[in-house]
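# Analysis of the macromolecular model
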Amino acid sequence: MHPRADTAADVSRFTPTERWIHRTTAALMGLCVLTAACLYVPQLAELVGRRALVVTLHQWSGLALPVPVLAGLASRAFRADLGRLNRFGPHDRTWLRAALHRDRRHASRPAAKFNAGQKIYASWIAGATLVMLATGLMMWFTHLTPLLWRTSATFVHDWLALTIGIVLAGHIGMALADPEARRGMRTGRVTKEWADHQHPLWRQ
């Protein structure tokens, strides 16, 4: 087991507010996924029972999912990171080409505070969450939309939920493979060596 680097050599990566947003959003998303699984997998439905309670938890956790992000807009650091996630530069195209060609050399994958993969994931999950929210509301308030809309919403909601589950599993798998990245989200700090190695274009 390697000794932990002196905290004096660490750099700040995320503020307490940003970490709260991530944890709260992750908890709500996890509750959505777990309750969805209990609603759609017969074996889990029989094991858990109390379908009405599961439905209620699923609906309200889904409705609350955007709240942490909206509340976090009061944070200047969070708004700055949203801006970074929303901007693609030439180095991001280089990173994506290397990823597509399975080039794992760090020199061929330049990244600022967030790499191109993280930017694509953040954009996709944000868009998917909004679509899930819209289709879920159509399914919840059945009197507001025509039958054809509700049928289409159910189809999109179900298949997008499966896709989100797969993407989230990949996200968690990549996090498990990088202990220092997890430490950055847990404590807000990372070692300078990791930052220079994984995100050489990031200027703290």
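Scope of this entry: the structure provided in the associated data block.

## Examining the overall build of the chain
Within the chain one finds 10 helices and 2 strands. The order of α-helices and β-strands along the chain, N terminus first, is β-α-α-α-α-α-α-α-α-α-β-α. Oriented by its inertia axes, the alpha-carbon framework of the chain measures out at about 55 × 35 × 35 Å. Taking the contacts inside the chain whose residues are at least 6 apart along the sequence as the reference set, 68% of them involve residues at least 24 apart.

## Regarding the side chain of histidine 199
Looking at where histidine 199 falls in the secondary structure, it is placed in the segment after helix H10 (192-198). Of the residues examined, histidine 199 reaches a relative accessible area of 4% and is grouped as buried. With near-sequence residues (within four places) excluded, histidine 199 lies in contact with Arg13, Ala111, Ala112, Lys113, Phe114, Asn115, Gln118 and Trp194.

## Points about the pattern of salt bridges
Enumeration over the complete set of coordinates arrives at 7 salt bridges. A salt bridge links aspartate 81 to lysine 113, with the shortest nitrogen-to-oxygen separation between them at 3.0 Å. Residue aspartate 81 is found in helix H5 (residues 76-85), and its partner lysine 113 is found in the loop between helix H6 (90-100) and helix H7 (116-140); the two are separated by 32 residues along the sequence. Of the residues examined, lysine 113 reaches a relative accessible area of 8% and is grouped as buried.

## Describing the packing of aromatic side chains
Considering all chains together, one arrives at 4 aromatic pairs under this definition. Ring centres of tryptophan 140 and phenylalanine 141 lie 5.0 Å apart, and the angle between their planes is 20°; on these two criteria the pair is classed as stacked. When its relative accessible area of 33% is taken as the criterion, phenylalanine 141 is described as partly exposed. The positively charged end of arginine 13 is found above the aromatic ring belonging to tryptophan 202, 5.0 Å away from the centroid.

## Structural notes on the nonpolar core
Counting 9 residues, the largest nonpolar core consists of Leu28, Met29, Leu65, Ile125, Ala128, Met132, Leu160, Ile164 and Leu168. Those residues in contact with leucine 28 that sit more than four places away from it in its chain are Ser61, Ala64, Leu65 and Pro68. Counting 5 residues, the second largest nonpolar core, distinct from the first, contains Val11, Trp194, Ala195 and Trp202.

## As for unusual backbone geometry
One non-glycine residue, arginine 102, lies in the positive phi region at around 55°. Along the polypeptide, arginine 102 turns up in the loop between H6 and H7.

## Some points on H5
In an α-helix, one turn spans 3.6 residues, which is why side chains three or four residues apart end up on the same side. Along H5, the positions that sit buried rather than exposed are Phe78, Asp81 and Leu85. For H5, the arc enclosing every buried residue in end-on projection is 60°, short of the 170-degree limit, so these residues lie on one face. Contacts from the buried residues of H5 go to helix H1 (16-40), helix H4 (67-72) and H7. Two or three places before alanine 77, at the opening of H5, serine 75 has a side-chain oxygen 3.4 Å from that residue's backbone nitrogen.

## A few points about the environment of alanine 74
Within the secondary structure layout, alanine 74 lies in the loop between H4 and H5. Remark: the alpha-carbon pair of alanine 74 and threonine 17, spanning 57 residues in sequence, is separated by 9.6 Å.

Thresholds applied
Residues numbered from 1 in each chain as written. Predicted model: local features only at pLDDT ≥ 70, side-chain atom pairs only at ≥ 80, totals over all residues. Heavy atoms only, no water. Helix = DSSP H or I, 4+ residues; strand = E, 2+ residues; numbered from the N terminus. Contact = heavy atoms within 4.5 Å. Buried < 20%, exposed > 50% of the residue type's maximum accessible area, 1.4 Å probe, protein only. Salt bridge = Lys/Arg side-chain N within 4 Å of Asp/Glu carboxyl O. Phe/Tyr/Trp six-rings, centres within 6.5 Å; stacked < 30°, edge-to-face > 60°. Lys NZ or Arg CZ within 6 Å of the ring centre and 35° of its normal. Core = buried A, V, L, I, M, F, W, Y, C linked by side-chain atoms within 4.5 Å. Arc of directions from axis to C-beta. Polar contact = N/O pair within 3.5 Å; in protein donor to acceptor, adjacent residues only side chain to side chain.

These figures come from the coordinates and say nothing about function on their own.
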